[in-house]
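# Residue-level structural notes
Chain residues, written in single-letter form:
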Amino acid sequence: MYDLRMSGDLIAAENAAREGALKNDYEALGANLARRNIDIEAITAQVAQFFVAVPSWGVGTGGTRFARFPGIGEPRNIFDKLDDCAVIQQLTRATPNVSLHIPWDKANPKELKAKAEALGLGFDAMNSNTFSDAPDQPHSYKFGSLSHVDLAVRAQAVEHNIECIEIGEAIGSKALTVWVGDGSNFPGQSNFTRSFERYLAAMGEIYKNLPDDWRIFSEHKMYEPAFYSSVVQDWGTNYLIASMLGPKAFCLVDLGHHAPNTNIEMIVARLIQFGKLGGFHFNDSKYGDDDLDAGAIEPYRLFLVFNELVDAEHRGVRGFHPAHMIDQSHNVTDPIESLISSANEIRRAYAQALLVDREALSGYQDDNDALMASETLKRAYRTDVEPILAEARRRAGGAIDPVAAYRASGYRRKVGDERPAVKGGSGGIV
Ligand SMILES: [Mn+2]
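Looking at an unreviewed UniProt entry, the chain carries the name L-rhamnose isomerase/sugar isomerase, with the source organism given as Phyllobacterium leguminum.

## As for the UniProt feature "domain: Xylose isomerase-like TIM barrel" (unreviewed entry) in the chain
According to UniProt, the "domain: Xylose isomerase-like TIM barrel" (unreviewed entry) feature falls on residues 95-290. A helix fraction of 36% and a strand fraction of 16% characterise residues 95-290, whose end C-alpha atoms lie 22 Å from each other.

## A word on the nonpolar core
By size, the foremost hydrophobic cluster in this structure holds 103 residues, and its most contacted members are Ile 88, Cys 251, Phe 306, Ala 353 and Ile 388. At 10 residues, the largest contribution of residues to this core is made by helix 11 (residues 335-354). Sequence-distant contacts of Ala 353, that is, excluding residues within four places in its chain, are made with Phe 303, Phe 306, Asn 307, Leu 309, Val 310 and Ala 380.

## Quick word on the packing of helix 10 (residues 299-315) against helix 11
Helix-helix packing is described using two parameters, namely the angle between the two axes and the distance between the axes. Taken N-terminus to C-terminus, the directions of helix 10 and helix 11 make an angle of 55 degrees; their axes are 8 Å apart at the nearest point. Judged by the inter-axis angle, helix 10 sits oblique to helix 11. Here helix 10 runs over helix 11; the crossing is right-handed. Residues Pro 299, Leu 302, Phe 303, Phe 306, Asn 307, Leu 309 and Val 310 of helix 10 touch helix 11, and the partners they reach there are Glu 345, Ala 349, Tyr 350, Gln 352, Ala 353 and Leu 354. Considering only residue class, the contact of helix 10 with helix 11 consists of 10 nonpolar, 2 polar and 1 charged.

## Let's talk about the sheet that holds strand 10 (residues 277-282)
Pairing is parallel in the open sheet, where 6 strands are placed in the order 4-5-7-9-10-11. Here the strands that pair on one side only, and so sit at the sheet edges, are strand 4 (126-127) and strand 11 (323-326). In this fold helix 8 (residues 235-245) packs onto strand 7 (215-219) and strand 9 (249-254), with an angle of close to 160 degrees to the strand it touches most, strand 9.

## Some details on the sheet that holds strand 3 (residues 122-123)
A sheet is described by the order of its strands in space; here 3 strands give the open sequence 1-2-3, paired in parallel fashion. Edge positions in the sheet fall to strand 1 (54-55) and strand 3, since each has one partner strand and no second. In this structure, strand 2 (residues 97-99) lies alongside strand 3, joined through 2 bridges in parallel fashion. Looking across to strand 3, one finds that Asn 97 is bridged to Gly 122.

## Observations regarding the packing of helix 4 (residues 78-92) against helix 5 (residues 109-119)
Viewed as axis vectors pointing N to C, helix 4 and helix 5 meet at an angle of 20 degrees, and their least axial separation amounts to 10 Å. Between helix 4 and helix 5, the angle falls in the class roughly parallel. In the crossing of helix 4 with helix 5, the sense of the turn from one axis to the other is right-handed. Facing Ile 78, Phe 79, Leu 82 and Ala 86 of helix 4, the residues of helix 5 in contact are Leu 112, Lys 115, Ala 116 and Leu 119. Residue composition of the contact of helix 4 with helix 5, by class: 7 nonpolar, no polar and 1 charged.

## Some details on unusual backbone geometry
Residue Pro 103 follows Ile 102 across a cis peptide bond; omega there is 15 degrees. If you trace the backbone, Pro 103 turns up in the loop between strand 2 and helix 5. Cis peptide bonds are those with omega within 30 degrees of zero, and the linkage from Glu 224 to Pro 225 qualifies with 15 degrees. Along the chain, Pro 225 turns up in the loop between strand 7 and strand 8 (229-230). If you check the backbone angles, Arg 93 has positive phi at about 55 degrees while not being a glycine. In this fold, Arg 93 is placed in the loop between helix 4 and strand 2. Its 21 C-beta neighbours within 10 Å are what place Arg 93 among the buried residues. We note that Glu 224 has phi near 80 degrees; this positive angle belongs to a residue other than glycine. When you line up the elements, Glu 224 lands in the loop between strand 7 and strand 8. The exposure class assigned to Glu 224 is partly exposed, which follows from the 14 C-beta atoms found within 10 Å.

## So, helix 5
Note on helix geometry: an α-helix contains 3.6 residues per turn, so any two residues three or four positions apart are oriented the same way. Looking at helix 5, one finds that the buried residues are Leu 112, Lys 115, Ala 116 and Leu 119. The buried residues of helix 5 all sit within an arc of 95 degrees when viewed along its axis, so they share a single face. In this structure, helix 5 carries Lys 110 and Ala 114 as exposed residues pointing more than 90 degrees from its buried face. Looking at the packing, one finds that the buried side of helix 5 touches helix 4, strand 3 and helix 6 (151-171). Following helix 5 by one or two positions, Gly 120 adopts a phi angle in the positive range, close to 75 degrees.

Calculation notes
Residues numbered from 1 in each chain as written. Predicted model: local features only at pLDDT ≥ 70, side-chain atom pairs only at ≥ 80, totals over all residues. UniProt positions renumbered as here; feature names shortened; annotations may be inferred. Helix = DSSP H or I, 4+ residues; strand = E, 2+ residues; numbered from the N terminus. Core = buried A, V, L, I, M, F, W, Y, C linked by C-beta atoms within 7 Å. Buried ≥ 20, exposed ≤ 12 C-beta atoms within 10 Å, placed from the backbone. Contact = placed C-beta atoms within 7 Å. Axes fitted to C-alpha atoms, helices over the stretch in contact; angles between N-to-C directions. Parallel < 35°, antiparallel > 145°, perpendicular 65-115°, else oblique. Left-handed = near helix turned anticlockwise from the far one by under 90°. Nonpolar A, V, L, I, M, F, W, Y, C, P; charged D, E, K, R; others polar. Pairing = 2+ DSSP bridges. Arc of directions from axis to C-beta.

Right, dumping it as structure tokens:
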């Protein structure tokens with residue numbers, strides 16, 4: 001048995017009040033889908049097997065460069081964070097893995113592994129941090145890390161990434177995500193070519209230390225913290241990195257790391273086509289790297305991204321297994337509620353994409369029938385798949401209405417009593 005904080009009896013009681021309505025809704029949707037020759041049971045089974053990793057840094061309250069407004073009962077350390085992640089998993093059954101951030105989550109790997117196992121959790125990709133200075137490090141990353149002009153700084157950044165791999169190996173992770181804030185604030189400040197050469201050489205050193213069964217994900221971002229140029233600014237540069245490093249290197253797409261209006265789903269298709277899509281940091285945005293909750297602003301875009309993923313699944317693209325991770329900053333909500341909601345929105349987009357009539361779509365494309373091609377996508381997107389999501393959760397032991405069950409549990413109030421407020425703390429927006 002797992003050492004869980006959420007009572008199974010409470011979830012059962014919450015579900016008992018909702019089961020009748022869900023049964024009716026599920027049957028009605030099943031009949032609707034059957035008329036479209038879709039077996040609801042097949043969709044529910046696929047949704048139940050779709051998982052997204054929760055970021056450890058996401059369970060703390062985030063902030064902006066202006067201020068951070070702490071919430072009640074914030075996790076004080078990685079072990080508290082894992083407790084919170086377990087609650088999200090227990091209610092949604094969609095988030096069995098946690099993505100760690102080093103050095104923020106640094107702890108004895110044996111204790112990390114034991115704690116996760118006691119909660120029924122595993123670990124997804126490790127995230128290194130060379131965009132801020134740890135208190136005791138000899139060299140500063142103020143002017144960059146893997147692309148820094150000084151070899152000693154680059155060596156320190158490489159060493160940190162190797163340490164992340166070592167910690168990851170001890171706790172069962174299989175991937176390393178590297179995002180650097182390296183870049184410049186003024187034209188002329190850095191030489192584009194030389195800084196990218198230095199970055200590639202440093203990444204090559206990290207790559208050499210990657211175990212055979214690991215993958216390395218490089219993450220691009222257009223701007224911020226550097227405001228004139230970033231060394232890994234877009235998917236083209238990212239593709240060059242993954243190509244030059246080798247077969248274990250892939251591109252990570254953070255939905256918030258592009259210029260406004262960028263056709264992200266098309267970038268996803270390109271990376272799939274050339275075998276370099278490593279995975280995602282899901283979030284949503286209105287203006288920039290806003291790190292808002294997945295599906296909160298542009299749910300149709302999230303659906304269109306999943307349409308490409310399901311299309312690749314449908315075509316049986318070889319070696320296609322992107323890592324799904326959330327990367328958000330929860331500034332005005334309870335982070336647990338935001339992550340529950342986001343995991344559900346991501347599953348929703350996946351379920352809707354599974355409903356696309358791909359044969360019909362392909363026919364409309366070949367006939368140049370633009371309107372009906374668009375309508376084919378819209379028809380899937382307009383389908384309210386909530387009964388499928390709820391039924392998948394219920395069957396796996398989760399909550400039919402996870403946010404309502406979470407609120408009924410009083411978890412936040414309880415941990416508020418146990419966890420005194422910590423001063424400062426990291427926002428963790430990457
Ligand atoms: Mn990210």
